[in-house]
Structures are given as structure tokens and as C-alpha cells.
Amino acid sequence: MPYEDLNPPFICKDSSSYFDTLKMCFDSYLSYLRSNIFQEKLSEDDFNIFGKIIEDILQVLKFYLSGKSGEAYKRFEHLMSLISDDWSRRGYTINNENSYIRIRSTTANLNKRSDMFHVPFNKRELILKQRYSIEGFPCLYLAGCAYTAWLELNRPEFNTIWASSFRPSKDLNILDLAITLDSFEQNSPYLKDLLRLYFLVIATSFRVKYPSAYFHEEYIISGLLLQWITLRSPFVGLRYLSTKLEYYDSKKLWCASNIVIPPRNYDFKEKFNNFLRESFVLSLPQHWYVLMSYSNAGSVACLECAGDYFKEKTTFLNKGMDTVNNLDKAIFENYNATSFYNIDGYLRSMFKMDFIEEYNLEMKYK
């Protein structure tokens, strides 16, 4: 497997199962780690740990597929202890300087902030099985940018989309899985941590082989990981790369990522989780077409997120420029010239942010 194929997303061929393809990816990753790039940084003890990580992941899958979900989770906890003995090093703090996008596709008119929040607890029947999900347990899913959010909903028609910007109201510590091999710094003191963690990234970054099926083998590890987040971890959620993209730029991984934050301290009387309600402010839902029409009437809004900037390039495919085969690559390289960029900018900077309705805090977000 070429080096570039060791970056997400991973895809099962028609003749191979997720389990078999995963083993092949692990073998290729081990071969890559034994290459000249890492041969001076890794010992045989490191490779022994890598082997145990692989063994645990495959055993978790075997337990789960054999109907032994309890045994699968116990083995998963052991796996996490192998990957890191200090998870604080893998934390990623989001705060009120970070903005995220959430969209919904519906023909209804949305006019409340709560319309854009997580599925209410009294509407559990609406919860769909997702890559990072616990059956019947509503979580809050946010995207790094409007384009990724649109892809995550399988490219809905623009005239059905409502969008809101979300911003944390306090510091939130999340596990960061939004990494690719070419984003690693070779001299990082945490390089070995990242290399161990990447086995988990591989196992949770497969595009589903049968999208319309009721069960997705590719979601087993990610589902157990979210369960671990809720039970044993120091994190309130996690960040992960979208598998709907064909291309990632290692310098702009935030915009190709999503975050998921499950409820905490759940109360059966809740409609919306109190922890999540206290943790985010958001804009009122705005219709996608209205935002697009407004952007065409004026100048493009300035997009800024956590110190990352998109390169300005308002002309595309002029004479002398290279053509492309990949639309994702073209969009991200020319993001400032797209309506997605406008929507990001307007949502993040133009509209008032507040907590969802029917929720009073002594200290309002400023």
C-alpha cells in the first residue's frame, strides 16, 4: 500500500470485508513504520506494543461480531491503556475562539436555536446510526466548515438546508483524532504516542461499504470509542476527520473535521442535556439560499478560525493553471472563492450568539 493510501478515508474493495481490509492496512502501516523514516526512532519494544494494539483491535471486533459486546468493551478498555498511559497529551481544547457549523436538511421553517441542537431526548426514534454514536443516545455533532457539514449530510439540496454557527461558551477538552501521517512532526516528543494512536485512526476512518444497510461493521470501534469517552476518559468529546472527503490538506485538517460531544450527567427529565446547553452558544437558524443571496449582494465575509487561514485565490483554472481530478482538493485550495466560504464567514461573524431557548443562565455569553 503506497504511503498516501495510509491517510483516511479507507475503503473496502468489493471482494474484501472491513475486517480483512483493516488487517491489510495494519500490515502496510507496520511496514511503513519500519521504513527509513522511523528506523532510528522506534525500538523492537515499540513494535511489540504495536503488535499488541493490532491484536486487541482485531479481538474487539471478533468479540463484538460473536455477540459478546460486553467482552468487546472490556478488551477495548485494555486497548486504550496500550495506546496511551497519559491521555492528557492527546487532548485538544476548544473554547470561545473556535467556531463550528451545524446544518439540517428539512422542508420545515426553523426559527429557534433549539431547532439546531441535538435530537431531543423525547425524540429518540429519530436518531440514526452514525459513525460515532451510541444507539438511542442523542449527541451533538458539529463540523469544521460548511462544506464538510454539507458532505456529512450526503449533499442535500441547498433549498432544504438551514445552518447555524456554534461556539463553545467555556473550555472543553476533547480527544483529537483529526490527524494524518503527513501531519506528524518527526521531532515531536509525542511522536510515539501519535504513532500508536494512528492505529485507532485507521480502524475508525473507513467509509461504509453498504451505506443503506442497518448494520455497519466499520462503526464498531468508533461506537466503542464514544462509549469510552462517556465512561472512562478525561475528555468530553472527540474530533475526527470526515470520511466523506477525498482529499485532506495537512495544514487545514480543522476544516475537514467534525466534533461529537455526548451528553453528560444525563437526567431522564431533560429534553436537552444541561451540560451541552451550558457549553455552547449558537446563532438562530439561517436558510442556506438566503445566506447565498446576501453574499452575492456584498463583499465576502472574512473567515478566520483558530488562527488558520485559507489562501486567497479568487481565480480558478485560468490559462496556465493545472486542472484537477478531485473536487474536494479544488474547493479547499480555492475556498475563498466559494459560497461555502461566504456562509462560514457570515454565520460566524454576523449573527448574535446565545444559548438555546428556555434556558436561563445568570451569566450570559459575551
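Use the structure listed above.
Right, let's walk through the structure included here. (Residues numbered from 1 in each chain as written. Predicted model: local features only at pLDDT ≥ 70, side-chain atom pairs only at ≥ 80, totals over all residues. Heavy atoms only, no water.)

**Some remarks on the pairing of strand E3 (residues 140–143)**
With burial as the criterion, each face of E3 is covered, one bearing Leu140 and Leu142 and the other bearing Tyr141 and Ala143. Alignment of E3 against strand E7 (residues 257–261), held across 4 bridges, turns out to be antiparallel. Looking at the pairing, Leu142 lines up with Ile259 of E7. (Buried < 20%, exposed > 50% of the residue type's maximum accessible area, 1.4 Å probe, protein only. Helix = DSSP H or I, 4+ residues; strand = E, 2+ residues; numbered from the N terminus. Pairing = 2+ DSSP bridges.)

**Regarding the nonpolar core**
Across soluble globular proteins, you tend to see nonpolar side chains buried next to one another. Leu22, Tyr29, Leu33, Phe76, Leu225 and Trp228 are the most contacted members of the largest nonpolar core, which totals 60 residues. Looking at this core, the element that brings in the most residues is helix H5 (residues 191–203), giving 10 residues. Dropping the residues within four chain positions of it, Tyr29 is found in contact with Leu6, Leu181, Leu195, Tyr198, Phe199 and Ile202. Within the second largest apolar cluster, 30 residues are counted, among which are Leu253, Phe332, Tyr341 and Tyr346. (Core = buried A, V, L, I, M, F, W, Y, C linked by side-chain atoms within 4.5 Å. Contact = heavy atoms within 4.5 Å.)

**Observations concerning the packing of helix H2 (residues 44–65) against H5**
Look at H2 against H5: their axes get within 11 Å of each other, and the N-to-C directions meet at 20 degrees. In terms of orientation, H2 lies roughly parallel with respect to H5. For the element pair H2 and H5, the recorded crossing hand is right-handed. Contacts between H2 and H5 pair Asp46, Ile49, Phe50, Ile53, Ile54 and Ile57 from the former with Lys192, Leu195, Arg196, Phe199 and Ala203 from the latter. Looking at the contact of H2 with H5, its residues break down into 8 nonpolar, no polar and 3 charged. (Axes fitted to C-alpha atoms, helices over the stretch in contact; angles between N-to-C directions. Parallel < 35°, antiparallel > 145°, perpendicular 65-115°, else oblique. Left-handed = near helix turned anticlockwise from the far one by under 90°. Nonpolar A, V, L, I, M, F, W, Y, C, P; charged D, E, K, R; others polar.)

**A few points about unusual backbone geometry**
For the peptide bond that leads from Pro8 to Pro9, omega is -5 degrees, which places it in the cis range. Unusually for a residue other than glycine, Asn154 sits at a positive phi of about 65 degrees. Within the secondary structure, Asn154 is located in the loop between helix H4 (146–152) and strand E4 (161–168). On the basis of relative accessibility, which here comes to 56%, the residue Asn154 falls in the exposed class. Phi is positive for Asn265, close to 50 degrees, though the residue is something other than glycine.

**Considering the packing of H2 against helix H3 (residues 69–83)**
Relative orientation of the contacting elements H2 and H3 amounts to 165 degrees, with a least axis distance of 8 Å. When the axes of H2 and H3 are compared, the pair comes out roughly antiparallel. For the pair H2 and H3, the crossing hand works out as left-handed. Seen from H2, the contacting residues are Ile49, Lys52, Ile53, Glu55, Asp56, Ile57, Gln59, Val60, Phe63 and Tyr64; seen from H3, they are Ser69, Glu71, Ala72, Arg75, Phe76, His78, Leu79, Leu82 and Ile83.

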